[in-house]
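Observations on the three-dimensional arrangement
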Amino acid sequence: MGTRKLAIMGLLVSIAVAGSVFVSFPAGIARAYPIQHAVNVAAAVFLGPVPAIMIAFMTAVIRILTGTGSLLAFPGGMIGAAFAGILFKKTGRVWTAALGEMIGTGLIASLFAVPYAAILMGTSVGAFFFLPPFVVSSVSGAIIGGVLAARLLHHPIGRRLQHL
């Protein structure tokens with residue numbers, strides 16, 4: 001992994017962390033942090049699935065250490081980033097990366113969060129307790145990230161990012 005790619009990854013982590021402080025809104029029982037999901041889509045499109053997962057992991061670590069996130073940031077961010085990256089890699093279409101983020105975080109991570117939260121957080125909630133806030137957060141962020149990535153792909157900087 002080159003120095004430029006690592007620098008871009010660090011920049012995306014900082015955008016996701018700072019964005020979670022400034023951009024959030026209530027989504028049922030939780031808060032939605034759409035910037036994390038937008039960064040996941042952009043990272044999946046420009047850097048690929050593995051760097052996107054690494055960015056989501058580092059963002060979750062920093063958010064937990066600074067008190068701006070919960071343990072649910074791990075499955076929510078990483079599963080969505082993985083699906084976004086895999087779908088984009090298979091199709092080469094930005095909208096599939098956004099769809100992957102929505103499915104990965106909104107559906108799969110919200111269901112994975114139930115046993116994860118029971119084991120690590122001591123909660124006992126139903127299977128669809130996390131679904132509404134995860135869906136609202138991932139859909140809003142995936143749309144932002146998809147629009148941003150699609151626009152950047154038509155710009156020389158975006159094309160250069162894809163070839164790091």
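Attention here is on the structure that accompanies the text. (Residues numbered from 1 in each chain as written. Predicted model: local features only at pLDDT ≥ 70, side-chain atom pairs only at ≥ 80, totals over all residues. Heavy atoms only, no water.)

**With respect to a nonpolar patch on the surface**
Residues Phe83, Trp95, Leu99, Ile103, Leu107, Ile108, Leu111 and Phe128 make up a contiguous nonpolar surface patch of roughly 730 Å² in combined accessible area. Sort the elements by how many residues they give to the nonpolar patch and helix α5 (residues 94-120) lands first, with six residues. Take Leu99: it is sitting in helix α5. On the basis of relative accessibility, which here comes to 35%, the residue Leu99 falls in the partly exposed class. (Patch = residues over 30% accessible without salt bridge, like charges linked within 9 Å, V, L, I, M, F, W, Y side chains within 5 Å. Areas by Shrake-Rupley, 256 points an atom, 1.4 Å probe, with all protein chains shown as cover. Salt bridge = Lys/Arg side-chain N within 4 Å of Asp/Glu carboxyl O. Helix = DSSP H or I, 4+ residues; strand = E, 2+ residues; numbered from the N terminus. Buried < 20%, exposed > 50% of the residue type's maximum accessible area, 1.4 Å probe, protein only.)

**Side note on the side chain of Ser138**
Tracing the backbone through its elements, the reader meets Ser138 in helix α6 (residues 131-153). Polar side-chain contacts of Ser138 include one of 2.9 Å to the backbone oxygen of Phe134. (Polar contact = N/O pair within 3.5 Å; in protein donor to acceptor, adjacent residues only side chain to side chain.)

**Concerning α6**
For α6, built from 23 residues, the straight-helix expectation of 33 Å at 1.5 Å per residue is met to within 8% by its first-to-last C-alpha distance of 31 Å. The set of residues buried in α6 consists of Pro133, Phe134, Ser137, Ser138, Gly141, Ala142, Gly145, Gly146, Ala149 and Leu153. (Expected span 1.5 Å × (residues − 1).)

**What to know about the packing of aromatic side chains**
Applying the stated criterion across every chain, the model contains one aromatic pair. Ring plane angle 40 degrees and centroid distance 5.5 Å describe the contact between Phe57 and Phe74, whose orientation is recorded as tilted. Highlighted residues: Phe57 in helix α3 (residues 49-65) and Phe74 in helix α4 (residues 73-91), separated in sequence by 17 residues. Positioned above the aromatic ring of Tyr33, the side-chain terminus of Arg63 is 4.5 Å from the ring centre. (Phe/Tyr/Trp six-rings, centres within 6.5 Å; stacked < 30°, edge-to-face > 60°. Lys NZ or Arg CZ within 6 Å of the ring centre and 35° of its normal.)

**A short note on the nonpolar core**
In globular proteins that are soluble, nonpolar side chains generally tend to be buried together. Ranked by internal contacts, the top residues of the largest apolar core, which has 27 residues, are Val45, Phe46 and Ile55. When residues of this core are traced back to their parent elements, those giving at least two are α1 (3-22), α2 (34-46), α3, α4, α5 and α6. Counting residues per element, this core draws most heavily on α2, at eight residues. Residues contacting Ile55, with those up to four places away along its chain left out, are Met9, Leu12, Val13, Val39, Ala43 and Leu47. (Core = buried A, V, L, I, M, F, W, Y, C linked by side-chain atoms within 4.5 Å. Contact = heavy atoms within 4.5 Å.)

Function cannot be read off these values alone, since they describe shape.
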